[in-house]
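# Architecture at a glance
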Amino acid sequence: MIEARSLTKRYGSTVAVDDLSFTVPAGAVTGFLGPNGAGKTTTLRMLLGLVRPTSGDATIGGERYVRLPRPAARVGAVLEASAFHPGRSGRNHLRTVATGAEIPERRVDEVLEVVELTAVARRRVKTYSLGMRQRLAIAQALLGDPDVLLLDEPANGLDPQGIRWLRDFLRSYAADGRTVFVSSHVLAEIAQTVDSVAIINRGKLVAHESLMEVRARAVAGVRVRSPQAARLREALAAAGIETTDVGEGRLVARIESSERVGEIAAANGVVLHELTAESSSLEDVFLELTGESRPQ
Amino acid sequence: MTALVLAELLKARTTRSAVGLALGLLAIVAFFGSVHAATLDLPADTHATSDNLSSVFFVPVFAIIFGILASAGEYRHGTISQTLLVTPVREKLVGAKLVAAAIVGAALWAVAAALAVVVCGIWFGARGIPFDAGDAASTLLPALLAAALWAALGIGLGFVLTSQVGAIVALFAWLFVVESIVEGLLPRVHRFLPGGLLNDVLHADDADFSRPVAALITLAYVAAFAVVGTALARRRDVT
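The paragraphs below set out a description of the structure included in this document.

About the cut-offs
Residues numbered from 1 in each chain as written. Chains lettered and ligands numbered in written order. Predicted model: local features only at pLDDT ≥ 70, side-chain atom pairs only at ≥ 80, totals over all residues. Buried ≥ 20, exposed ≤ 12 C-beta atoms within 10 Å, placed from the backbone. Helix = DSSP H or I, 4+ residues; strand = E, 2+ residues; numbered from the N terminus. Pairing = 2+ DSSP bridges. Right-handed = clockwise from strand over helix to strand, strands pointing away. Expected span 1.5 Å × (residues − 1). Axes fitted to C-alpha atoms, helices over the stretch in contact; angles between N-to-C directions. Contact = placed C-beta atoms within 7 Å. Nonpolar A, V, L, I, M, F, W, Y, C, P; charged D, E, K, R; others polar. Arc of directions from axis to C-beta. Parallel < 35°, antiparallel > 145°, perpendicular 65-115°, else oblique. Left-handed = near helix turned anticlockwise from the far one by under 90°.

## Focus on the pairing of strand S6 (residues 148-152) of chain A
All names here are of chain A. Counting buried positions along S6 yields 5 of 5 residues, so the element is predominantly enclosed. Here strand S5 (residues 75-78) pairs with S6 via 4 bridges, running parallel. Within S6, the residue paired with Ala77 across the bridge is Leu150. The pairing of S6 with strand S7 (residues 179-184) spans 5 bridges and is parallel. From the neighbouring strand, Asp152 faces S7, where its bridge partner is Ser183. Viewed along the sheet, the connection from S6 through helix H6 (residues 160-175) into S7 turns out right-handed.

## Re helix H6 (residues 90-127) of chain B
Compared with the 56 Å implied by 1.5 Å per residue over 38 residues, the 54 Å span of H6(B) between its first and last C-alpha is a close match. Looking one or two residues past H6(B), B:Gly128 carries a phi angle of roughly 70 degrees, positive in sign.

## Brief notes about the sheet that holds strand S9 (residues 204-210) of chain A
Residue and element names in this part refer to chain A. If you trace the 6 strands from one edge of the open sheet to the other, you get S5-S6-S7-S3-S8-S9, paired in mixed fashion. Bordering the open sheet on either side are S5 and S9, each of which pairs with just one other strand. For this sheet, the mean angle separating the axes of adjacent strands, direction not counted, is 15 degrees. Two strands pair when backbone bridges link them, and strand S3 (residues 28-33) and S7 are joined in this way by 6 bridges, in the parallel orientation.

## Details of the interface of chain B and chain A
Contacts between chain B and chain A engage 23 residues on the former and 26 residues on the latter. Elements with a contribution of two residues or more to the side of chain B that touches chain A: helix H1 (2-13) and helix H5 (80-86) of chain B. Among the elements that take part in the side of chain B that touches chain A, H1(B) stands out by supplying 6 residues, more than any other. Looking at the side of chain B that touches chain A residue by residue, the classes come out as 11 nonpolar, 9 polar and 3 charged.

## Notes on helix H4 (residues 106-114) of chain A
Residue and element names in this part refer to chain A. Turning to H4, its buried residues number three or more, namely Val108, Val111 and Leu112. Down the axis of H4, the smallest arc covering the buried residues is 105 degrees, so these residues share one side. The exposed residues of H4 that point more than 90 degrees off its buried face are Arg106 and Glu113. Buried positions along H4 lie against helix H3 (90-100) and helix H5 (130-142). Directly after H4, the chain includes Glu116, whose backbone phi takes a positive value near 60 degrees.

## Topic: the environment of A:Ala239
Tracing the backbone shows A:Ala239 in the loop between helix H9 (229-238) and strand S11 (243-247). Sequence-wise, A:Ala239 and A:Val261 are 22 residues apart; in three dimensions their C-alpha atoms are separated by 9.7 Å.

## Observations regarding the packing of helix H7 (residues 133-161) of chain B against helix H8 (residues 164-185) of chain B
All names here are of chain B. One way to put it is that H7 packs onto H8 with a least axis distance of 9 Å and a crossing angle of 120 degrees. Here H7 is positioned oblique relative to H8, judged by the angle of their axes. Seen from above, H7 lies across H8 with right-handed handedness. Contacts from Leu157, Gly158 and Leu161 in H7 reach Gly166, Ala167, Ala170 and Leu171 in H8. For the contact of H7 with H8, a count of residues per class yields 5 nonpolar, 2 polar and no charged.

## A closer look at unusual backbone geometry
Residue and element names in this part refer to chain A. In the Ramachandran plot, Ser6 falls in the positive-phi region, its phi being about 50 degrees despite a non-glycine side chain. Summarising the element assignment, Ser6 is placed in strand S1 (residues 2-11). One non-glycine residue with positive phi stands out, namely Glu153, at about 50 degrees. On the secondary structure map, Glu153 appears in the loop between S6 and H6. Glu153 sits in the buried class, given 23 other C-beta atoms within 10 Å.

## Here's the deal with the sheet that holds strand S2 (residues 14-24) of chain A
Residues and elements named next belong to chain A. With antiparallel pairing, the 3 strands of this open sheet are ordered in space as S2-S1-S4. Taken across any chain shown, the strands that pair with only one partner, and hence form the sheet edges, are S2 and strand S4 (55-60). Direction aside, neighbouring strands of the sheet carry axes that sit 20 degrees apart on average. Both S1 and S4 contribute to a ladder of 5 bridges, which runs antiparallel. Across the sheet, Arg5 pairs through a bridge with Asp57, a residue of S4.

Structure, rendered in structure tokens:
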């Protein structure tokens, strides 16, 4: 289990992570979502002891990362843009990690097999594609057969087959009762993988709930454009339909039926220039939660 | 701790940097020994063997560059993140790197000394000059001590500065500019500086300090850089 308690990180006057508290349970895949720059990477690096929190505390299995006796055997981490020495082969990179972490060397070939890098294992990393580097990073995370996996944007650079493989892999990993915490800035990318999500924006937690609850927020709506938007809004309100004014004479009515909106407009003599039924997606919910509205 | 030292030695063996440094060193040793032996004016030279082998005095400089590559190189390539995930306790990491660098420094010395002796033996044999083993040891062994110390000094320097190029530039600017000026103006201060001490470790004849004292003061520099480097590594965010 991963626990963050009032984690805060300030860089000068900029607050990158602001009083963030959450727990990540074992036996499930938890997503860590937020737009770019929301503080995801900083948070993950604080969990891993790479960035010192300004205040607050982060523990994995009840211990701070730096105090874990054999961290590589407890926690596997895939960092964003994982860096390797360009002149070292993928296999030798894993051997250096295995040697330092006292992991038997046969695990190196096992994990290379798991991520399907065996064929290029002896080539120098500088010849690897982004996807191959990402798989090497995943191989490294798996070396110690850890109970906890932390992955920062692991889908970056992976091809669709790779993403699918990763999704299935993470699901089965969590199904074994282990903890998986995976960050992304695209909800759709991990919606099929995660059981629940912690969503952050500007360093603050804006939601931490099951994916079912997030889906429940995804209500349908009807988009209308009218020169008499204000009047239409009143008429819809009188009929008990909530609306959002998105500017320039456009409203979004929180109702599924475009017929009903059209009838109400006609009954009130409101001219409509546009009437479109829209189903709000998970992505809309995410954008709404993070306060980043879609470009109109 | 042994595992961490072995991991650091494996890192040294699995890139081309250490091999490249060794090859550069060997080229200098072969060139220097050959030129010296070919141009040697025999009766005037009472320490022909040790003079011929004195190119091993380059080993400490190559050793400190290795130390810088092994520490600042981790920041340069971003591998410091992964390294700290395996060894989050900075003291342990710096300690393992110090030991491993001293071993690599000794290994650089071993290949350089071996080639120097071979080159010297071939030339002296051809010219009929006797090879004085005792004289050879008086040059070779101090270079081993200096190589191990300076490799470890490079680790601390790399952790303090974290910029690989910056550390190497700073090193040469220090040795060839700062120390030269201090040596000219304040010779009493210069003898306490790393370059001055290196001279005392390598040459017993024109030394300010005896070899053990010079080595101990150098060790104090190694410890100081390592402690400051570790403290900075603890405070520094790795992003």
